[in-house]
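Residue-level listing of the chains:
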Amino acid sequence: MKEEIIAAERAASLPKSMSEVAPPSAAASSATGAVVAAVSSRMGHLRWSICALLFFATTINYVDRQVIGILSKDLQAAFRWSEIDYGNIVAAFNASYALGLLLAGRLIDRFGTKIGYAVALTVWSLAAMSHALARSAFGFGVARATLGLGEAGNFPAAIKTVAEWFPKKERALATGIFNAGSNVGAIVAPLTVPWIALHYGWQWAFILTGAIGLLWLAFWIPLYSHPEAHRRLSKPELDHIQSDPPDVVGAKTPWVRLIPHRQTSAFAIGKYLTDPIWWFYLYWIPNFLRQNHGLDLSTIGLPLIAIYVVADVGSIGGGWLSSTFIKRGWTINRARKTAMLICALAVTPIMFASNVKSLWLAVGLVGLAAAAHQGFSANIFTTVSDMFPRRAIGSVVGIGGMAGAFNGATMAVIVGYILEVTHGNYKIPFIIAGVAYLIALLIIHLLVPRIEPIEDMERVVAKPFSIGTIVGFGFMGSVFGSFAGWAVGLLSRVSGASLLKHMAIGAIIGVVTGIISGIVITSSTSKPQTV
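Residues numbered from 1 in each chain as written. Predicted model: local features only at pLDDT ≥ 70, side-chain atom pairs only at ≥ 80, totals over all residues. Heavy atoms only, no water.

### Side note on the overall build of the chain
Here comes step 1: Helices and strands together make up the secondary structure of the chain, namely 19 helices and 0 strands.
Here comes step 2: By the burial criterion, 54% of the 531 residues in the chain qualify as buried.
Here comes step 3: For the chain, the proportion of contacts with a sequence separation of at least 24, taken over those separated by at least 6, is 85%.
Here comes step 4: For the chain, the accessible surface area stands at approximately 22700 Å², while carbon and sulfur atoms represent 67% of it. (Helix = DSSP H or I, 4+ residues; strand = E, 2+ residues; numbered from the N terminus. Buried < 20%, exposed > 50% of the residue type's maximum accessible area, 1.4 Å probe, protein only. Contact = heavy atoms within 4.5 Å. Areas by Shrake-Rupley, 256 points an atom, 1.4 Å probe, with all protein chains shown as cover.)

The structure is reproduced here in structure tokens:
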């Protein structure tokens, strides 16, 4: 979710090209700078205090979701989980997080940012703490599912807060600041969780990290109000916040109009194939390092920190790479796809990570793959703003984020089963990780040979038997079908190969149902031209 926020806000706040910005004279620049500095000092900086709260909330969000991955080996030993059990526990978080993404935005819009954010953070904080009460794989699964529902509200609430408190020209910066909390959280967790667990027990690792969220509420509730109602906000700062012209009111494009576009399928399938790899790193790499390289809670911190620091470099470098190509005169299509190809190729060495004997060589391979993932992700998100009008960006990234999270649940079940039957051999999961990005890029290219804006999107309607309709609705059917199969399998108390069979059957039924539904839906609409 975090990357789509940056892409959408940058697309909304930046000019389309540098040619749209007239270069000021030196004197004018100096005078303007002096005026801006003077006005800034008078208007105050309360909005940046609000942004700081968003940063800390996002940091807490990522700390809470990482605790179980760091402690997984100890918990598996304590409660006699199988790898299949752990896969289902991870899947429970991903599936509920995907469902939460569908609901969170609407609920926050209805009840407001202050209440919506407070409820989301309360739910996920209590869910994080409730892990300490779990005594079985089922208990941990319930706690993880509740955590996923609560954590899904973080990014919709944060971006709505930025929209309320910042003019468009500052939103990209504010978004980048609060989004940095995800990277900080990924580093803070391995610094703190092992120490707490070693000194006070694993239960307190969940309790203390979860309780930080409740402490955050003690600042959020009294400090936050809508700008117009905030008693501490100065009139100059309020005028600055409201300095943009009113937004153009336009109807949001419904999902049934977006799904038949090949561009939507390209983005969603790309996310579907690559997002689960990041979840795999998050939840299984700590266990891999401990199992294959003899680490324990006292030594796991530094290797994990190294991986996420390198990943941060990739997040920035991937966006820089395609931007550099564009500045050199490359087309957007060539620049984005070349950058994604470089990132996809950089991931492939991870296929050998399970075979290396050196700890730091393994860390290097995982770190390189994580960095390449972030670079690939930065570019695939940017393609949405390259192709779709602003009013549709949020919906498209929501479709892709949901697809990625649902397949994260599928990936978790598959990895758990593979590790169970191979007695902890990570070779196959790393091979999957190594080839996923190349497959994703190939599909993106086949569906969208040229990345370019969709012209007059409202007038472009898919034919019932077009590629866009069949692929789009069939794909979405498979996503929901596999989730339904997983849920039915769990309710039927099956696991392992039987659970995967349920998911496969659900996906097949979903594809057929999706295609039929798509044909019926598109047949009932006008068809001025094809997608």
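We are not done yet, so read on.
### As for helix H16 (residues 390-421)
Here comes step 1: With 32 residues, H16 should cover 46 Å at 1.5 Å per step; its first-to-last C-alpha distance of 47 Å lies within 8% of that length.
Here comes step 2: Summarising burial for H16: 24 of the 32 residues are buried, a large majority.
Here comes step 3: Looking one or two residues beyond H16, the residue adopting positive phi is histidine 423, at roughly 60°. (Expected span 1.5 Å × (residues − 1).)

### Description of the nonpolar core
Here comes step 1: In terms of nonpolar packing, the biggest core is built from 144 residues, with Leu71, Tyr281, Trp284 and Leu289 touching the most fellow members.
Here comes step 2: Filtering out sequence-adjacent residues up to four positions away, tryptophan 284 remains in contact with Glu83, Tyr86, Gly87, Val90, Ala412, Val415, Gly416, Leu419 and Tyr426. (Core = buried A, V, L, I, M, F, W, Y, C linked by side-chain atoms within 4.5 Å.)

### Overview of a nonpolar patch on the surface
Here comes step 1: Nonpolar side chains collect at one region of the surface, where Leu103, Leu107, Phe111, Ile115, Val119 and Val123 lie side by side and expose about 540 Å² of accessible area between them.
Here comes step 2: Elements represented by at least two residues in the nonpolar patch include exactly helix H4 (83-111) and helix H5 (113-130). (Patch = residues over 30% accessible without salt bridge, like charges linked within 9 Å, V, L, I, M, F, W, Y side chains within 5 Å. Salt bridge = Lys/Arg side-chain N within 4 Å of Asp/Glu carboxyl O.)

### Examining the packing of aromatic side chains
Here comes step 1: For the structure shown, the criterion picks out 38 aromatic pairs.
Here comes step 2: Each ring, one from tyrosine 97 and one from tryptophan 279, has its centre 6.0 Å from the other, and the planes form 70°; the classification is edge-to-face. Placement of tyrosine 97 in helix H4 and of tryptophan 279 in helix H12 (residues 262-293) is noted, with a sequence separation of 182 residues between them.
Here comes step 3: Over the ring of tyrosine 62 we find arginine 65, and its NZ or CZ is 4.2 Å from the ring centre.
Here comes step 4: Looking at arginine 334, its charged tip hangs above the ring of tryptophan 330, at a distance of 3.7 Å from the centre. (Phe/Tyr/Trp six-rings, centres within 6.5 Å; stacked < 30°, edge-to-face > 60°. Lys NZ or Arg CZ within 6 Å of the ring centre and 35° of its normal.)

### Looking at the side chain of serine 478
Here comes step 1: Residue position: serine 478 is located in helix H18 (residues 467-491).
Here comes step 2: Classification of serine 478 as buried rests on a relative accessible area of 14%.
Here comes step 3: Here the side chain of serine 478 touches phenylalanine 475 through a polar contact of 2.6 Å, landing on its backbone oxygen.
Here comes step 4: Discounting chain neighbours no more than four positions away, the residues touching serine 478 are Ala507, Gly510 and Val511. (Polar contact = N/O pair within 3.5 Å; in protein donor to acceptor, adjacent residues only side chain to side chain.)

### Focus: unusual backbone geometry
Note on backbone geometry: most residues besides glycine have negative phi, and most peptide bonds are trans.
Here comes step 1: Phi angles above zero are rare outside glycine, and arginine 80 is one such case at about 55°.
Here comes step 2: Counting through the fold element by element, arginine 80 comes out in the loop between helix H3 (46-79) and H4.
Here comes step 3: Even without being glycine, histidine 423 reaches a positive phi, approximately 60°.
Here comes step 4: Assignment of secondary structure puts histidine 423 in the loop between H16 and helix H17 (427-447).
Here comes step 5: Residue classification places histidine 423 among the exposed positions, given a relative accessible area of 75%.

### Considering the confidence of the model for the chain
Here comes step 1: This prediction gives the chain a mean pLDDT of 85; 88% of its residues lie at or above 70.
Here comes step 2: Taken as a whole, residues 1-41 scores under 50 in pLDDT and shows 41 contacts with residues more than four places along the chain or in a different chain. (pLDDT = per-residue confidence, 0-100.)

### Notes on H4
Here comes step 1: Here H4 contains 29 residues, and its C-alpha end-to-end distance of 40 Å stays within 8% of the 42 Å for a straight helix at 1.5 Å per residue.
Here comes step 2: Its axis deflected by about 35° at leucine 103, H4 carries its strongest bend there.
Here comes step 3: With its phi angle positive at about 95°, glycine 112 sits one or two positions after the end of H4. (Bend = angle between axes of the 7 residues up to and from the residue.)

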